[in-house]
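A closer look at the structure
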Amino acid sequence: MEKIAAIQVLDVPVHPYSMNDAVAYLDQKIQAQQPSFVVTANAEIIMMCQDDAEYKNILTNIADLVLPDGAGTVWAGRKLGHHVPERVAGFDLFNRLLNLAAGKGYKVFFFGAAPGIAEAAREKAEILYPGVDVVGCRDGYFSDCDNTAIIEAINNSGAQILFLALGAPKQEKWLQAHLRELKPYITMGIGGSFDVLAGKMERAPLWMQKYSLEWLFRLYKQPRRCIRMLALPKFVIKVICSK
Ligand code: UDP
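Please read all numbers here as calculations on a predicted model, not as lab measurements.

Here we come to the site of the ligand. The environment of the ligand is made up of 16 residues, and the closest members are A113, G140, K170, D195 and R225. Y141 is positioned such that a nitrogen or oxygen atom in its side chain is 2.9 Å from an oxygen atom of the ligand. In the environment of the ligand, an oxygen atom lies 3.2 Å from a nitrogen or oxygen atom belonging to the backbone of A165. Across the complex, the protein chains shield 80% of the 550 Å² of accessible surface that the ligand would expose by itself. Among the residues forming the shell around the ligand, the class breakdown is six nonpolar, five polar and five charged.

The next subject is the sheet that holds strand β3 (residues 36-41). As summarised here, the arrangement of the six strands in space is β4-β3-β8-β7-β5-β6, forming an open sheet in which the pairing is parallel. Edge positions in the sheet fall to β4 (65-68) and β6 (133-138), since each has one partner strand and no second. Taken pair by pair, the neighbouring strands of this sheet meet at an average axis angle of 20 degrees, ignoring direction. Relative to strand β7 (residues 161-165), strand β5 (residues 107-112) runs parallel, the two being bridged by five bridges. Across the sheet, G112 pairs through a bridge with A165, a residue of β7. The sheet strands contacting helix α6 (residues 117-128) are β5 and β6, and the helix crosses β6 at an angle near 165 degrees.

Moving on to the packing of aromatic side chains. A complete count under the given rule lists nine aromatic pairs for this structure. Look at F94 and F194: their rings are 5.7 Å apart centre to centre, the planes differ by 70 degrees, and that puts the pair in the edge-to-face class. One end of the pair, F94, is in helix α5 (residues 90-104); the other, F194, is in helix α9 (residues 193-197), and 100 residues separate them in sequence. One aromatic cluster is present, built from ring pairs that chain together F91, F94, F110, F163 and F194. Its guanidinium or amino end placed over the ring of F142, K170 lies 5.8 Å from that ring's centre, counting from NZ or CZ.

Before going further, it helps to examine the state of the cysteines. Counted under the stated rule, the structure contains zero disulfides. You can see C241 has no disulfide; the closest cysteine sulfur is in C49, sitting 19 Å from it. On the basis of relative accessibility, which here comes to 61%, the residue C241 falls in the exposed class.

Core analysis: the biggest nonpolar cluster contains 39 residues, and L93, F94, L98, F110, F163 and F194 have the highest contact counts within it. Those elements that provide at least two residues to this core are α1 (19-31), β4, α5, β5, α6, β7, β8 (186-189) and α9. A43, C49, V84 and L162 belong to the second-largest nonpolar core, a separate cluster that totals 38 residues.

Further remarks concern unusual backbone geometry. Looking along the chain, the bond that leaves A168 and enters P169 is cis, with omega of 5 degrees. As for its placement among the helices and strands, P169 is situated in the loop between β7 and α8 (170-178). The phi angle at D11 is positive, at roughly 70 degrees, despite the residue not being glycine. Among the structural elements, D11 can be located in the loop between β1 (7-9) and β2 (12-14).

Glancing now at the environment of N57. In this fold, N57 is placed in helix α3 (residues 53-62). The class for N57 is partly exposed, based on a relative accessible area of 33%. Sequence-wise, N57 and V12 are 45 residues apart; in three dimensions their C-alpha atoms are separated by 9.1 Å.

Attention now moves to the pattern of salt bridges. In total, this model carries twelve salt bridges according to the counting rule given. Note that D64 and K3 form a salt bridge whose closest N and O atoms lie 3.0 Å from each other. Highlighted residues: D64 in the loop between α3 and β4 and K3 in the segment before β1, separated in sequence by 61 residues. When its relative accessible area of 15% is taken as the criterion, D64 is described as buried. Residue K3 is classed as partly exposed on the basis of its relative accessible area of 34%. Bridged by salt links that share partners, the residues D69, R87, D92, R203 and E214 form one connected network.

About the criteria used
Residues numbered from 1 in each chain as written. Predicted model: local features only at pLDDT ≥ 70, side-chain atom pairs only at ≥ 80, totals over all residues. Heavy atoms only, no water. Near = heavy atom within 4 Å. Polar contact = N/O pair within 3.5 Å; in protein donor to acceptor, adjacent residues only side chain to side chain. Areas by Shrake-Rupley, 256 points an atom, 1.4 Å probe, with all protein chains shown as cover. Nonpolar A, V, L, I, M, F, W, Y, C, P; charged D, E, K, R; others polar. Pairing = 2+ DSSP bridges. Helix = DSSP H or I, 4+ residues; strand = E, 2+ residues; numbered from the N terminus. Axes fitted to C-alpha atoms, helices over the stretch in contact; angles between N-to-C directions. Contact = heavy atoms within 4.5 Å. Phe/Tyr/Trp six-rings, centres within 6.5 Å; stacked < 30°, edge-to-face > 60°. Lys NZ or Arg CZ within 6 Å of the ring centre and 35° of its normal. Disulfide = S-S within 2.5 Å. Buried < 20%, exposed > 50% of the residue type's maximum accessible area, 1.4 Å probe, protein only. Core = buried A, V, L, I, M, F, W, Y, C linked by side-chain atoms within 4.5 Å. Salt bridge = Lys/Arg side-chain N within 4 Å of Asp/Glu carboxyl O.

Following this line, the structure appears as C-alpha cells:
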C-alpha cells in the first residue's frame, strides 16, 4: 500500500488516513518487518509543536505516521481545504491494534502509567481481545538510569508493538531518543489510554465524542487540564489566520 501524502496543519505534517487504512498500513509494516513510529496528533500536540522545535522535528522528520486525532485536527485539515476522512483517536487506534494483534498473533508490550495500571489494562485487554499476547508491562515512573533495563525488557519480550503511555510530549521524546535501540516495529505514544482501558479514567460518552465534545468531558473530569486546553481556542484562531 502506497503511503498517503501528509497535509500540513500549522506546519505540522498530518497523514489523513481513515482508521481502517491506518490499521492496514501498520499491519503491512509488521509483516514487512519495517519500523513505524506513530503519533496521534490532536490540536494540543500541534500547538505544543509551535513552541517546541524538538517536538516539531520529531513529528516532521522522525515519526513515520502522524494521524489526525481530535475534532480540532480534523476540522483544521478540512478548513485548510484537505480531504480528511475521519478522526483517528489514539485510544481507538490502540484498541484496533490490540484486536489486530489478537487476530494475527502479534506480541505487544505496555509501557507507562502509574504502577499497576499497565497490568490492569492487560487484564482488560485479555477479556476484550481473547488471545491477545501482552508479553510485558512496565510502569511509566522511572529515571534515566533505568532506561537500559527498560529497553532490554522490551526487546527481550519479543514484542512487535510497543504502546507507550507517558503523556505528550514525553512519550514521543523518549521514543525518539531510543528508537534505534528498540526492536518492536510499531511504536506508539497513547497518553492516558492504559488508565482508560484499566477503568481508572472514564472516556467521554459516545454522544459527546460524536458532537466533538470530548475535550469538554476531559476538562470536567480533570479541571487541572484547563491551562493546557487554552491551546484549543488559540489553535482555532491560528488555523483561521493561516488560511
Ligand atoms: N505518565 C507516566 N510517566 C510520567 C508522566 C505521566 O507514566 O512521567 C502517565 C500518566 O500516569 C498517565 C499518562 O502518562 O497515565 C498521561 O496521560 P494524559 O491523559 O495526561 O496524556 P496526554 O493527554 O498528555 O496524551
